[in-house]
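Take a look at the letters that make up each chain.
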Amino acid sequence: MRPDAIVVDHVTKTFRLKAGGTPTLKSAALSLFGRQSGALRFDAVKDAAFTVQQGETLGIIGANGAGKSTLLALICGTLEPTRGTIHTTGTVSSLLELGAGFHPDLTGRENIFLYGAVMGIPRARIADKMEDIIDFAGIREFIDQPVKHYSSGMYVRLGFSVAVQVDPDIVLIDEVLAVGDADFQRKCLAKMAEFREKGKTMLIISHDLKTIQSISDRILFLDGGTVMGIGA
(Lines give C-alpha, C1' and ligand atoms only; values in the text may rest on other atoms or scores of the structure.)
Protein backbone atom coordinates (compact mmCIF):
# COMPACT_ATOMS: atom_id res chain seq x y z
CA MET A 1 0.00 0.00 0.00
CA ARG A 2 1.34 3.41 -0.97
CA PRO A 3 1.89 6.08 1.71
CA ASP A 4 -0.52 8.99 2.01
CA ALA A 5 0.35 12.23 0.22
CA ILE A 6 -2.64 14.16 1.59
CA VAL A 7 -4.54 13.62 4.84
CA VAL A 8 -7.68 15.71 5.42
CA ASP A 9 -8.75 15.12 9.02
CA HIS A 10 -12.30 16.30 9.84
CA VAL A 11 -11.85 19.72 8.27
CA THR A 12 -14.49 22.45 8.43
CA LYS A 13 -14.16 25.92 6.91
CA THR A 14 -16.62 28.51 8.19
CA PHE A 15 -17.10 31.96 6.70
CA ARG A 16 -18.95 34.84 8.34
CA LEU A 17 -21.41 36.58 6.04
CA LYS A 18 -22.44 40.11 6.87
CA ALA A 19 -26.14 40.64 7.34
CA GLY A 20 -27.82 43.10 4.99
CA GLY A 21 -29.24 46.47 5.94
CA THR A 22 -27.83 49.79 7.09
CA PRO A 23 -25.21 49.60 9.89
CA THR A 24 -26.35 51.01 13.23
CA LEU A 25 -24.44 52.44 16.18
CA LYS A 26 -25.23 49.26 18.12
CA SER A 27 -23.95 46.95 15.36
CA ALA A 28 -20.76 49.02 15.04
CA ALA A 29 -20.15 48.78 18.80
CA LEU A 30 -20.75 45.01 18.82
CA SER A 31 -18.37 44.60 15.89
CA LEU A 32 -15.73 46.67 17.72
CA PHE A 33 -15.86 44.29 20.69
CA GLY A 34 -15.81 41.18 18.48
CA ARG A 35 -19.52 40.44 18.63
CA GLN A 36 -21.03 40.61 15.16
CA SER A 37 -24.72 41.33 15.44
CA GLY A 38 -26.71 39.49 12.79
CA ALA A 39 -23.64 37.84 11.26
CA LEU A 40 -24.40 34.61 9.40
CA ARG A 41 -22.14 31.58 9.60
CA PHE A 42 -21.66 29.59 6.42
CA ASP A 43 -19.81 26.27 6.36
CA ALA A 44 -18.25 26.01 2.89
CA VAL A 45 -16.66 22.67 3.86
CA LYS A 46 -18.18 20.50 6.58
CA ASP A 47 -16.22 17.88 8.51
CA ALA A 48 -14.37 16.59 5.43
CA ALA A 49 -12.21 13.53 6.11
CA PHE A 50 -10.31 11.53 3.48
CA THR A 51 -6.81 10.58 2.35
CA VAL A 52 -5.08 10.59 -1.03
CA GLN A 53 -2.23 8.17 -1.64
CA GLN A 54 1.02 9.13 -3.31
CA GLY A 55 0.68 8.76 -7.07
CA GLU A 56 -3.12 8.82 -6.97
CA THR A 57 -5.32 11.08 -9.10
CA LEU A 58 -8.46 12.17 -7.28
CA GLY A 59 -11.22 13.88 -9.23
CA ILE A 60 -13.54 16.22 -7.33
CA ILE A 61 -17.07 16.84 -8.59
CA GLY A 62 -20.14 18.70 -7.38
CA ALA A 63 -22.47 21.53 -8.32
CA ASN A 64 -21.38 25.17 -8.28
CA GLY A 65 -21.05 26.27 -4.66
CA ALA A 66 -20.49 22.74 -3.37
CA GLY A 67 -17.16 23.71 -1.78
CA LYS A 68 -14.76 22.20 -4.33
CA SER A 69 -12.51 25.24 -4.79
CA THR A 70 -12.56 25.98 -1.05
CA LEU A 71 -11.39 22.44 -0.37
CA LEU A 72 -8.43 22.77 -2.75
CA ALA A 73 -7.55 26.19 -1.29
CA LEU A 74 -7.45 24.59 2.16
CA ILE A 75 -5.20 21.78 0.93
CA CYS A 76 -2.72 24.13 -0.75
CA GLY A 77 -2.69 26.42 2.29
CA THR A 78 -4.17 29.64 0.91
CA LEU A 79 -7.04 29.16 3.39
CA GLU A 80 -6.83 27.94 6.99
CA PRO A 81 -9.34 25.41 8.34
CA THR A 82 -11.73 26.61 11.03
CA ARG A 83 -11.55 23.14 12.54
CA GLY A 84 -9.55 20.03 11.71
CA THR A 85 -6.12 19.56 10.16
CA ILE A 86 -4.56 18.92 6.75
CA HIS A 87 -1.19 17.27 6.18
CA THR A 88 0.61 17.10 2.83
CA THR A 89 3.86 15.34 1.97
CA GLY A 90 6.09 16.89 -0.70
CA THR A 91 5.98 20.10 -2.73
CA VAL A 92 2.54 21.38 -3.73
CA SER A 93 1.81 23.25 -6.96
CA SER A 94 -1.64 24.67 -7.59
CA LEU A 95 -3.73 26.32 -10.27
CA LEU A 96 -6.86 27.24 -8.35
CA GLU A 97 -8.18 30.25 -10.18
CA LEU A 98 -7.51 32.17 -13.34
CA GLY A 99 -4.15 33.93 -13.07
CA ALA A 100 -3.96 33.53 -9.31
CA GLY A 101 -0.70 35.12 -8.14
CA PHE A 102 -0.13 37.08 -11.36
CA HIS A 103 0.46 40.84 -11.20
CA PRO A 104 -1.32 42.54 -14.11
CA ASP A 105 1.38 45.16 -14.70
CA LEU A 106 4.23 42.64 -14.89
CA THR A 107 5.12 40.76 -18.06
CA GLY A 108 4.48 37.07 -18.52
CA ARG A 109 8.18 36.35 -17.97
CA GLU A 110 8.28 38.42 -14.77
CA ASN A 111 5.12 36.72 -13.53
CA ILE A 112 6.69 33.30 -14.04
CA PHE A 113 9.38 34.28 -11.52
CA LEU A 114 6.73 35.77 -9.21
CA TYR A 115 4.58 32.64 -9.41
CA GLY A 116 7.59 30.49 -8.62
CA ALA A 117 8.51 32.67 -5.64
CA VAL A 118 4.97 32.36 -4.25
CA MET A 119 5.32 28.58 -4.45
CA GLY A 120 8.72 28.72 -2.73
CA ILE A 121 10.72 27.62 -5.78
CA PRO A 122 14.28 29.02 -6.10
CA ARG A 123 14.75 31.61 -8.85
CA ALA A 124 17.57 29.58 -10.41
CA ARG A 125 15.28 26.58 -10.81
CA ILE A 126 12.61 28.73 -12.46
CA ALA A 127 15.26 30.19 -14.79
CA ASP A 128 16.31 26.66 -15.80
CA LYS A 129 12.67 25.81 -16.59
CA MET A 130 11.84 29.12 -18.31
CA GLU A 131 12.02 27.94 -21.93
CA ASP A 132 10.00 24.80 -21.18
CA ILE A 133 7.34 26.89 -19.45
CA ILE A 134 7.08 29.32 -22.36
CA ASP A 135 6.97 26.53 -24.95
CA PHE A 136 4.24 24.63 -23.11
CA ALA A 137 2.11 27.76 -22.70
CA GLY A 138 2.46 28.53 -26.42
CA ILE A 139 2.51 32.32 -25.95
CA ARG A 140 6.15 33.10 -26.74
CA GLU A 141 5.29 36.16 -28.84
CA PHE A 142 3.49 37.71 -25.86
CA ILE A 143 5.75 36.58 -23.02
CA ASP A 144 7.35 40.02 -22.57
CA GLN A 145 4.02 41.90 -22.61
CA PRO A 146 2.11 42.85 -19.43
CA VAL A 147 -0.34 40.07 -18.57
CA LYS A 148 -3.18 42.60 -18.19
CA HIS A 149 -3.32 42.46 -21.99
CA TYR A 150 -3.64 38.65 -22.05
CA SER A 151 -6.85 36.85 -22.88
CA SER A 152 -8.37 34.52 -20.28
CA GLY A 153 -7.03 31.56 -22.24
CA MET A 154 -3.49 32.96 -22.26
CA TYR A 155 -3.70 33.57 -18.49
CA VAL A 156 -4.62 30.00 -17.68
CA ARG A 157 -2.19 28.48 -20.18
CA LEU A 158 0.69 30.36 -18.57
CA GLY A 159 -0.47 29.52 -15.04
CA PHE A 160 -0.91 25.84 -15.86
CA SER A 161 2.46 25.72 -17.58
CA VAL A 162 4.28 27.11 -14.52
CA ALA A 163 2.33 24.81 -12.18
CA VAL A 164 3.29 21.63 -14.04
CA GLN A 165 6.78 22.45 -15.32
CA VAL A 166 8.28 23.03 -11.85
CA ASP A 167 8.06 19.26 -11.19
CA PRO A 168 5.95 19.25 -7.99
CA ASP A 169 5.00 16.20 -5.92
CA ILE A 170 1.34 17.24 -5.59
CA VAL A 171 -0.66 19.15 -8.23
CA LEU A 172 -4.01 20.83 -7.51
CA ILE A 173 -5.98 21.89 -10.58
CA ASP A 174 -9.33 23.73 -10.67
CA GLU A 175 -11.23 23.65 -13.98
CA VAL A 176 -8.20 24.27 -16.21
CA LEU A 177 -9.72 22.06 -18.90
CA ALA A 178 -12.63 24.49 -19.24
CA VAL A 179 -10.36 27.19 -20.68
CA GLY A 180 -8.25 26.98 -23.79
CA ASP A 181 -8.56 25.41 -27.21
CA ALA A 182 -8.64 21.72 -28.07
CA ASP A 183 -4.87 21.60 -28.70
CA PHE A 184 -4.10 23.02 -25.24
CA GLN A 185 -6.54 20.61 -23.62
CA ARG A 186 -4.76 17.70 -25.32
CA LYS A 187 -1.44 18.99 -23.98
CA CYS A 188 -2.95 19.21 -20.48
CA LEU A 189 -4.25 15.64 -20.64
CA ALA A 190 -0.90 14.39 -21.94
CA LYS A 191 0.93 16.16 -19.10
CA MET A 192 -1.48 14.63 -16.56
CA ALA A 193 -0.85 11.18 -18.02
CA GLU A 194 2.91 11.83 -17.76
CA PHE A 195 2.51 12.85 -14.12
CA ARG A 196 0.59 9.66 -13.36
CA GLU A 197 3.40 7.61 -14.89
CA LYS A 198 5.91 9.48 -12.70
CA GLY A 199 3.89 8.78 -9.56
CA LYS A 200 2.76 12.36 -8.94
CA THR A 201 -0.34 13.02 -6.84
CA MET A 202 -3.10 15.08 -8.46
CA LEU A 203 -6.41 16.57 -7.33
CA ILE A 204 -8.53 17.83 -10.20
CA ILE A 205 -11.85 19.71 -10.22
CA SER A 206 -13.92 19.56 -13.38
CA HIS A 207 -17.52 19.65 -14.53
CA ASP A 208 -16.55 17.50 -17.54
CA LEU A 209 -17.59 14.17 -16.04
CA LYS A 210 -16.39 12.05 -18.97
CA THR A 211 -12.89 13.53 -18.85
CA ILE A 212 -12.53 13.48 -15.07
CA GLN A 213 -13.66 9.85 -14.98
CA SER A 214 -11.08 8.90 -17.59
CA ILE A 215 -8.11 10.49 -15.76
CA SER A 216 -9.03 9.80 -12.11
CA ASP A 217 -8.30 6.75 -9.95
CA ARG A 218 -11.12 7.77 -7.61
CA ILE A 219 -13.74 10.51 -7.55
CA LEU A 220 -14.91 12.54 -4.55
CA PHE A 221 -18.46 13.95 -4.63
CA LEU A 222 -19.12 17.14 -2.67
CA ASP A 223 -22.60 18.50 -1.99
CA GLY A 224 -23.21 21.53 0.19
CA GLY A 225 -19.69 21.30 1.61
CA THR A 226 -20.16 17.68 2.69
CA VAL A 227 -18.27 14.70 1.27
CA MET A 228 -21.17 12.54 0.07
CA GLY A 229 -19.00 9.77 -1.32
CA ILE A 230 -15.56 8.82 -2.60
CA GLY A 231 -14.71 5.89 -4.84
CA ALA A 232 -14.84 4.56 -8.37
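Given the structure is predicted, the values throughout are model-derived calculations rather than measurements.

**Quick word on the sheet that holds strand β3 (residues 57–61)**
What the six strands build is an open sheet, ordered β5-β6-β7-β3-β8-β9; its pairing is mixed. Of all the strands in the sheet, just β5 (92–95) and β9 (226–231) have a single pairing partner and so form its edges. The mean inter-strand angle of the sheet, taken between neighbouring strand axes irrespective of direction, is 15 degrees. Here five bridges tie strand β8 (residues 218–223) to β9, and the two strands are oriented antiparallel to one another. Note on β9: the bridge partner recorded for F221 is G229. Strands in contact with helix α2 (residues 68–76) are β3, β5, β6 (170–174), β7 (201–205) and β8; relative to β6, the strand with the most contacts, it is inclined by about 155 degrees. Contacting β3, β6 and β7, helix α6 (residues 182–197) crosses the sheet at an angle of about 145 degrees to β7.

**Describing helix α3 (residues 108–118)**
All buried positions along α3 are accounted for by G108, N111, I112, F113, Y115 and G116. The elements touched by buried residues of α3 are β5, α4 (123–137) and α5 (152–165). Once α3 finishes, G120 follows within two positions and takes phi at roughly 80 degrees, a positive value.

**Regarding the packing of aromatic side chains**
One pass over the structure, following the stated rule, counts six aromatic pairs. An aromatic cluster of at least three residues, connected via ring pairs, comprises F102, Y115, Y150 and Y155. Sitting over the face of the ring of F113, R123 holds its NZ or CZ atom 3.9 Å from the ring centroid. Its guanidinium or amino end placed over the ring of F136, K187 lies 4.8 Å from that ring's centre, counting from NZ or CZ.

**Digging into the confidence of the model for the protein chain**
Summing up the model confidence of the protein chain, the mean pLDDT is 86 and the portion of residues at 70 or higher is 87%. The least confident element of the protein chain, judged by mean pLDDT, is helix α1 (residues 25–32) at 62; the most confident is strand β4 (residues 83–88) at 97.

**Brief notes about the pairing of β6**
It is a general feature of regular strands that their side chains alternate between the two faces of the sheet. Counting buried residues in β6 gives five out of five residues, a clear majority hidden from the surface. With burial as the criterion, each face of β6 is covered, one bearing I170, L172 and D174 and the other bearing V171 and I173. Where β5 lies against β6, four bridges are found, and the strand directions are parallel. Its bridge partner lying in β6, S93 is registered against V171.

**A short note on the side chain of Q165**
Position of Q165 among the secondary structure elements: in helix α5. The class of Q165 is buried, set by a relative accessible area of 10%.

**What about α4?**
Spacing of three or four residues puts side chains on the same side of an α-helix, whose turn is 3.6 residues. Where α4 bends most, the angle comes to about 50 degrees, and this point is K129. Turning to α4, its buried residues are I126, M130, I133, I134, F136 and A137. In the core, the buried residues of α4 are packed alongside α3, α5 and α6.

Procedures and definitions
- Per chain, the residues get numbers from 1 upward, laid out in the order the sequence is written.
- pLDDT decides what is reported in this predicted model: residues at 70 or higher carry local features, side-chain atom pairs at 80 or more are listed and counted, and totals for whole chains, interfaces and linings draw on all residues regardless.
- Heavy atoms throughout the structure, all of them, feed into the side-chain values; hydrogens and water do not.
- The rule for pairing is simple: two strands pair if DSSP sees at least two bridges between them.
- For the purposes of this entry, the term helix denotes a DSSP run of H or I that reaches at least four residues, the term strand denotes a run of E that reaches at least two, and both are numbered from the N terminus.
- As a rule, the C-alpha atoms of each element are fitted with a line to give its axis, helices using only the stretch in contact, and angles between N-to-C directions run from 0 to 180 degrees.
- It only takes one pair of heavy atoms within 4.5 Å for two residues to be counted as in contact.
- Only protein chains enter the area calculation, which uses a 1.4 Å probe; residues under 20% of their type maximum are buried, those over 50% are exposed, and those in between are partly exposed.
- In this scheme Phe, Tyr and Trp rings, the latter by its six-membered ring, pair at centre separations within 6.5 Å, and the angle between planes marks the pair as stacked below 30 degrees, edge-to-face above 60, and tilted otherwise.
- Sitting over a ring, as applied to charges here, requires NZ of Lys or CZ of Arg to be within 6 Å of the ring centre and within 35 degrees of the ring normal.
- Confidence scores here are pLDDT values: one per residue, from the predictor, ranging 0 to 100.
- Note that the bend at a residue is defined as the angle between axes fitted to the seven residues ending at it and the seven residues starting at it.

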